[in-house]
Structures are given as C-alpha cells and as structure tokens.
Amino acid sequence: MHYAVTSRGDETSNALQQKIKNYLNEFGLIFDEDEPDIVVTVGGDGTLLQAFHDYAHRLDATCFVGIHTGHLGFYADWMPEEVEKLIIHIAKTPFQVVEYPLLEVVIRHFGDEKSERYLALNECTVKSVEGSLVSNVSIKGELFETFRGDGLCVSTPSGSTAYNKALGGAILHPSLATLQIAEMASINNRVYRTVGSPLVLPQHHTCLLKPLNDVDLQITIDHYSLVHKKVKSIQCRVADEKIRFARFRPFPFWKRVKESFVGD
Ligand code: NAP
Ligand code: MN
C-alpha cells in the first residue's frame, strides 16, 4: 500500500508526521506523494481541506484520515495519542471506507466560452467585492428569488458545521447527498424579498446564481478565495464525485457534533 502524510507545518504536527512516516515504512508501506492509496493528515480540519484539494484529481483512488494536533475536528478526528493504534490498523487490517458528498461549482464568465469547474468539501461562498451582492437565484431552472445582501453560502453536509453553521444553517448528516444554501445578511424590505431560511436541495437539483450588477465577486471554494470579474453564472449541485474516508473505528457524526459544540 502506498501512503502520504501531510502536516499543518507547525513543530508538533511535523514531528508527528515524521513519526508516522517512520512507523509506516517499518511496516513495509511505500511513501508515495504522487499516487497514495491513503493520505494521513496531521493538524486540523484545514489540513485535511488542503489535502483534499491536493488529491482532488484522484478521489476515487484515495482514502483520507485526519489526526488533530489541536482541538477535535470534523475531518481530523484522531488524537495524537492514538497514532500507534491507527498505524497498526492501516498496516495490518483492511479498512472500511465511508463516502461523503461534495459540491460541484461551475463558474461561467461573460465573453468566455470556457467554464471553470471546482469541487468543494466544505462550501462555496459568493460575495461582492464592493457593496451588496445582487443575484438571481434559480433552482432547477426556475427563478426562485432575487437576493440582495452580503452574500450566499452553498455548503456540503460535512461543511454544514463550518461557515454554514455560523450563518444559522442546519447541521446535516453527511449520509445525505444534499447541498444547503444559506444567506448572509439578506436585505428584506418592501422592495427586496428573499425566503430568509436556509434551503436544502437534493441531488440533481441545480442552484444557479446569476449576478445582476457588473461588480467583481469574491468567490471562495473552501479555504481558497479568488476575485472573479464579469461573472455570468455560478452553478452549484451535488457532485458525482465523493470524498472517501478510511474508517477504523466508529465515531458517529452526532458524537463529533456534540463533542465539538455542546461539550461532554
Ligand atoms: P480557518 O480560518 O482556520 O477555519 C475556521 C475554522 O473552521 C477552524 O477552526 C477550522 O478547524 C474549522 N473548520 C473547517 N472545516 C470545518 C468543518 N467541516 N466543520 C467544522 N469546523 C470546520 O481556515 P481553514 O482551516 O482553512 O478552514 C476553511 C473554512 O473556514 C472554510 O471552508 C469555512 O467553512 C470556514 N470559515 C468559517 C467562517 C465563519 O464561521 N464565520 C468564516 C470564514 C471561513 P481547524 O482549526 O481544525 O482547521
Ligand atoms: Mn484551520
């Protein structure tokens, strides 16, 4: 089996990364950053987000597992103290795989035939660089509303505990192949009207955002942020691809939610 280990880059994570490499080599696994079967991340959820994007071109052949050197994470849910146990698992036992849904984002620009396609593990957010975002929101090809406000956040179920949660979105179990649209401070008065609640769309229901004014947009895909000019549309739907996590022990999602947000 081929493996890679990534680190957040701090001293603790780097030391643990080296330790994992040593152990896995001793067990006869092959270090292979280009084509790993399993990617172990050491750091936080952000470290796993980065690894996801580094290996997004070969998701069907890659499994992820995350170790947290800080607080408990949603993607990084193994403790450093458990590393030995985890390594023996990786080396000696066939592991189960759980798949989580992803978000597909296609951005089209005026005067450009080509579109840009992205996959997000957490979410895509859209804001205007200057002033409010004014955008039509269509669902399944039908105009749903004209949004005016700070921005919109379209998240995956596993991303629902991240930015989406801060916007009052619901926490969704990652077994649900859905996307969630959450508003950022919509303007609601006699002139402008939006639904005001987060919306959850099933697979194959496409959400299309069409900006109405010619302003530059700040579009994020997970931790990546880019300014886009002359945006014609941003199309979001549940992706065909999934992320695969190596599962060695049960750690139910709701337990992670409880331990992260409610306490013991
Ligand atoms: P960051 O600024 O370090 O991330 C913000 C926090 O979100 C960190 O504590 C991070 O955990 C945590 N996080 C990431 N994914 C999560 C998930 N699926 N569930 C629960 N918590 C999660 O930047 P980053 O680590 O590169 O993460 C990028 C993410 O930050 C974005 O995808 C977005 O969801 C989130 N964000 C949130 C807000 C907000 O809540 N107002 C604003 C901007 C961005 P770690 O410390 O373990 O990395
Ligand atoms: Mn982070």
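Calculation notes
Residues numbered from 1 in each chain as written. Chains lettered and ligands numbered in written order. Predicted model: local features only at pLDDT ≥ 70, side-chain atom pairs only at ≥ 80, totals over all residues. Heavy atoms only, no water. Salt bridge = Lys/Arg side-chain N within 4 Å of Asp/Glu carboxyl O. Helix = DSSP H or I, 4+ residues; strand = E, 2+ residues; numbered from the N terminus. Buried < 20%, exposed > 50% of the residue type's maximum accessible area, 1.4 Å probe, protein only. Near = heavy atom within 4 Å. Polar contact = N/O pair within 3.5 Å; in protein donor to acceptor, adjacent residues only side chain to side chain. Areas by Shrake-Rupley, 256 points an atom, 1.4 Å probe, with all protein chains shown as cover. Nonpolar A, V, L, I, M, F, W, Y, C, P; charged D, E, K, R; others polar. Arc of directions from axis to C-beta. Contact = heavy atoms within 4.5 Å. Expected span 1.5 Å × (residues − 1). Pairing = 2+ DSSP bridges.

J.: Any chance you could explain the pattern of salt bridges here in plain terms?
T.: Close approach of charged atoms allows side chains with opposite charge to pair. Throughout the structure, instances matching the rule amount to twelve salt bridges. Between E82 and R249 there is a salt bridge, with its nearest N and O atoms 3.0 Å apart. Here E82 is found in the loop between β5 (76-78) and α3 (83-92), whereas its partner R249 is found in the loop between β16 (231-247) and α5 (253-262), with 167 residues between them in sequence. Look at E82 and you get buried, because its relative accessible area is 12%. A salt bridge links E104 to R237, with the nearest nitrogen and oxygen atoms 2.8 Å apart. In this pair, E104 is assigned in strand β6 (residues 96-109) and R237 in strand β16, connecting sequence segments 133 residues apart. By relative accessible area, which is 18% here, R237 ends up buried. Taken together, the shared-partner salt bridges connect E104, R117, R237, D240 and E241 into one network.

J.: How do you make sense of the site of ligand 1 when you look at a structure like this?
T.: Neighbouring ligand 1 are 16 residues; D45, G46, N122, E123 and T161 lie closest to it. Here T161 contributes a side-chain N or O atom positioned 2.6 Å from a nitrogen atom of ligand 1. Protein coverage of the free-state accessible area of ligand 1, which is 820 Å², stands at 62%. Elements supplying a minimum of two residues to the shell around ligand 1: α2 (45-54) and α4 (163-166). Counting residues per element, the shell around ligand 1 draws most heavily on α2, at three residues. Grouping the constituent residues of the shell around ligand 1 by class yields six nonpolar, seven polar and three charged.

J.: How do you make sense of α3 when you look at a structure like this?
T.: Along an α-helix, residues three or four positions apart point the same way, because every turn accommodates 3.6 residues. The complete set of buried residues in α3 reads V83, L86, I87 and I90. The buried residues of α3 occupy one face: seen down the axis, they fall within an arc of 100°. The secondary structure elements touched by the buried residues of α3 are α1 (11-26), β3 (38-43), β4 (63-68) and β5.

J.: Sorry, what's going on with α1 here?
T.: With 16 residues, α1 ought to run about 22 Å at 1.5 Å a step, and its terminal C-alpha atoms sit 23 Å apart, in line with that. Among all positions in α1, only S13, L16, Q17, I20 and L24 are buried. For α1, the arc enclosing every buried residue in end-on projection is 105°, short of the 170-degree limit, so these residues lie on one face. In α1, the exposed residues that point more than 90 degrees away from the buried face are E11 and E26. Each element contacted by the buried residues of α1 is listed here: β1 (2-7), β3, β4 and α3.

J.: Would you mind going over unusual backbone geometry with me for this structure?
T.: Residues apart from glycine generally show negative phi values, whereas peptide bonds are mostly found in trans. The backbone of A185 shows a phi angle near 45°, a positive value even though the residue is not glycine. Topologically, A185 is positioned in strand β11 (residues 178-186). A positive phi is found at K230, a non-glycine position, where the angle reads about 50°. As for its position among the elements, K230 is in the loop between β15 (224-228) and β16.

J.: Whenever I open this one, the pairing of strand β10 (residues 142-155) confuses me. Can you help?
T.: Each regular strand shows side chains that alternate between the opposite faces of the sheet. With five bridges connecting them, strand β8 (residues 123-128) and β10 associate as antiparallel partners. Residue pairing for β10: K127 is matched across the bridge by G151. Across seven bridges, the pairing between strand β9 (residues 133-139) and β10 is antiparallel. The residue of β10 that forms the bridge with S138 is L143. Between β9 and β10, which pair antiparallel one after the other, the connecting turn spans two residues, and K140 there sits at a positive phi close to 55°. Across six bridges, the pairing between β10 and β11 is antiparallel. Among the inter-strand pairings, C153 is bridged to a residue of β11, identified as A182.

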